[in-house]
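Here's the letter readout for the chains.
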Amino acid sequence: MTSHQAGHQAGQRAVNQPGHHAGRGHRQMAQVKTRALQSDRSAPTKAILLLILGFFLTLMLALPLRAEEGIIKSHGFAEFGELKYPEGFAQFDYVNPQAPKGGELAISAVGTFDSMNPYSRTGRAGALSSEQFESLLVESYDEPGSYYGLIAESLEYPESQDWVIFNLRPEARFSNGSPVTADDVVFSHNLLLDQGLKSYGDAVRKRIPKAEVLGPHQAKFYFAEDVSRRSLITQVGAVPIFSKAWFDADPENRRLDAPRLDPGIGSGPYVLETVDINQRVAYRRNPEYWGRDLNVNIGRHNYDVIRIEYFGDSVAAMEGFKAGVYTLRNENSSKNWATGYSFEALDKGDVIKAALPDGNLAAPAGFIMNLLRPKLQDIRVREAIQLGFNFEWTNESLQYGLFQQRHAFWQDTELEAKGLPQGRELEILTALGDQIDPVLLTADPVMAHSSKANRPNDRRNLRRAMKLLDEAGWTVASDGKRRNADGEVLKLEFLLDSPTTARVVQPFVTNLQAMGIDAVLNRVDNAQFSSRRREKDFDMIFAGYPLDLEPSTELQQFFGSEAHEYSVFNPAGLADPAADVLIENIVNATTKEELYANTRALDRLLRAKRFMVPVWYLDVNWVAYWDMYRFPETLPPFSLGLLDLWWIDAEREAELKASGALR
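Note that the structure is predicted; figures quoted are calculated from it, not measured.

So, how was this worked out
- Residues numbered from 1 in each chain as written.
- Predicted model: local features only at pLDDT ≥ 70, side-chain atom pairs only at ≥ 80, totals over all residues.
- Heavy atoms only, no water.
- Helix = DSSP H or I, 4+ residues; strand = E, 2+ residues; numbered from the N terminus.
- Buried < 20%, exposed > 50% of the residue type's maximum accessible area, 1.4 Å probe, protein only.
- Contact = heavy atoms within 4.5 Å.
- Salt bridge = Lys/Arg side-chain N within 4 Å of Asp/Glu carboxyl O.
- Pairing = 2+ DSSP bridges.
- Axes fitted to C-alpha atoms, helices over the stretch in contact; angles between N-to-C directions.
- Parallel < 35°, antiparallel > 145°, perpendicular 65-115°, else oblique.
- Left-handed = near helix turned anticlockwise from the far one by under 90°.
- Nonpolar A, V, L, I, M, F, W, Y, C, P; charged D, E, K, R; others polar.

> Is there a simple way to explain the side chain of Asn-526 in this structure?
Within the secondary structure, Asn-526 is located in helix α17 (residues 526–534). Residue class for Asn-526 comes out buried when judged on its relative accessible area of 10%. Apart from residues lying up to four places away in sequence, Asn-526 is in contact with Val-110, Gly-111, Thr-112, Arg-124 and Asp-497.

> How do you make sense of the pattern of salt bridges when you look at a structure like this?
Side chains that differ in charge, positive against negative, can pair when their charged atoms come close. In the structure shown here, the tally under the stated rule is 44 salt bridges. For the salt bridge of Asp-479 with Arg-483, the shortest nitrogen-to-oxygen distance reads 2.7 Å. Among the residues examined, Arg-483 registers a relative accessible area of 26% and is labelled partly exposed. The structure contains a network of salt bridges with shared partners spanning Lys-348, Asp-350, Asp-627, Arg-630, Asp-649, Arg-652 and Glu-655.

> When you look at the sheet that holds strand β3 (residues 104–110) in this model, what are you seeing that I'm missing?
Pairing within the open sheet is mixed, and its four strands lie in the order β3-β12-β11-β10. Each edge of the open sheet is held by one strand with a lone partner, namely β3 and β10 (270–276). Sheet twist, expressed as the average angle between the axes of neighbouring strands with direction ignored, equals 20°. Pairing of strand β11 (residues 280–285) with strand β12 (residues 305–311) involves five bridges; the strand directions are antiparallel.

> Teacher, can you tell me more about the packing of helix α11 (residues 379–387) against helix α15 (residues 459–471) here?
In a pair of packed helices, the angle between the axes and the distance between the axes together describe the arrangement. The geometry of α11 relative to α15 is characterised by a closest axis approach of 8 Å and an angle of 160° between their N-to-C directions. With respect to their mutual orientation, α11 and α15 come out roughly antiparallel. When the axes of α11 and α15 are compared, the crossing they make is left-handed. Of α15, the residues touching α11 (which contributes Arg-380, Val-381, Glu-383, Ala-384 and Leu-387) are Asn-461, Arg-464, Ala-465, Leu-468, Leu-469 and Glu-471. Taken together, the residues of the contact of α11 with α15 break down into six nonpolar, one polar and four charged.

Dropping the structure here:
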């Protein structure tokens, strides 16, 4: 992502941009030359004037060339290094360019929805409702931090990256046939600032003070002087593009921050076909999709229809898959994966069960504590709560031993902190001085507590936890509850909306109760959970952080102090000056070495704060599907591509239906 003075200075620099006001300069020179020849009648004077004019004319003609120096024009953008794919490339390496078009992708969702506006501040949007809206750039699946032109044909920016100009493809169209213009691009950017999430708007305004339309197919974004440039281009390149005309037609009812069933119009390959509230959503491939022949889209978007079936709970969803109500399932339950796939269709080979490689960073997930709650601001209380979770028993008894224990935020990557800090990481941490606990300099990073797998409550850990609570002033009263000096009971509510997670949380709650904590599990519906999470009205929730292998400004929303009290992306409400410094270093990094060292330092610091009880992770994708889906022989490392790289084998689908295996 991402003051008036900065915008003004950036505008002044734009005057010297190649082609900017060039025509007016040449007209002025012609007028000067004409007046000089008419007023000077002596030959020597004329010669001198012509000589002077020639000098200035040469000087003026040279200005555009000098202005052009340092301006980069490209078909894509890489935050570090070079783009893998050259200008004019045929297609991405990981697609099947001959993938047939047709058929239906049928998947599932659990829960409810009441809107088809994915950007609303209230309510819950239907699945994939944001997929209809394209952006200027599209990310590559086999090179982190690299983006290529989608709606933008090319982009231009100076070496300083003080601004960027996007040159739009004139052929880009919304689904109603109207052109996508620079007006739509700038409108969309400003709409998200004004009517999107407050934390997003506040953060972006400080980094991108101005956006303007240069022409029907040219949009320019200016970047503030005092912020890192590294991810600003990709920030604006990823903004979803809305139709300005659609919103302007009914501005009172067509607001971005309000739920509505009409999603508006986008420019993407799919359009909304049907909506049955809490039952299903279906999208149909637009046969007039403007970008179907672009190199970045070859071999992609192969289904005629994408359908999402909704179920009340995970048990019903599993039964729906067995019955063929939907036909592809990205499994997230270890119990289902271990025990739920014993049915006739799988035994006959009509259903395939596969563990496919996943090169992505496994999103760090766990039980996150709300640091805005006074009772959770003592690190001894937080560590005691961590000690109550028994991963080993949970994994063996409830998850069939399928998971690995998580310790780090950047687990199993070059960004994970390991051992004692050394080299550049040590220098970075040392420079933080008294903003950090000095133990960070002399000890291994905090690891998740080990426990015994033979019983849910590890007595050694519980004894240690109770001692920490005593030291924090929460002692056991006569009623068996932990109370402070004012007699207040140490209460802890786990807020959940998932029955799958609830079965794992309940033993954890029982362990906390054994310590004297008045812990309860409160399962609420999806809408209430979303609302309470936005309002920070919880003690603990199960959540995760969608971190990146090349982290940048998103860290300011996840872990930064600036919006910690209300940012939905910072569920812990973390506000720490040392973390802010490290995040700023990461954002300003100009080399991978500097990025990695600062991220390792941040990983070490975040783990030491103990605001999350780390749980488990997988390095593969669990996928089950009816044997009519096909995918490229070599899948890209950073996306499974279920939505856009896979396709339907029509002949095999017909066989399944003819046999009665699939309806």
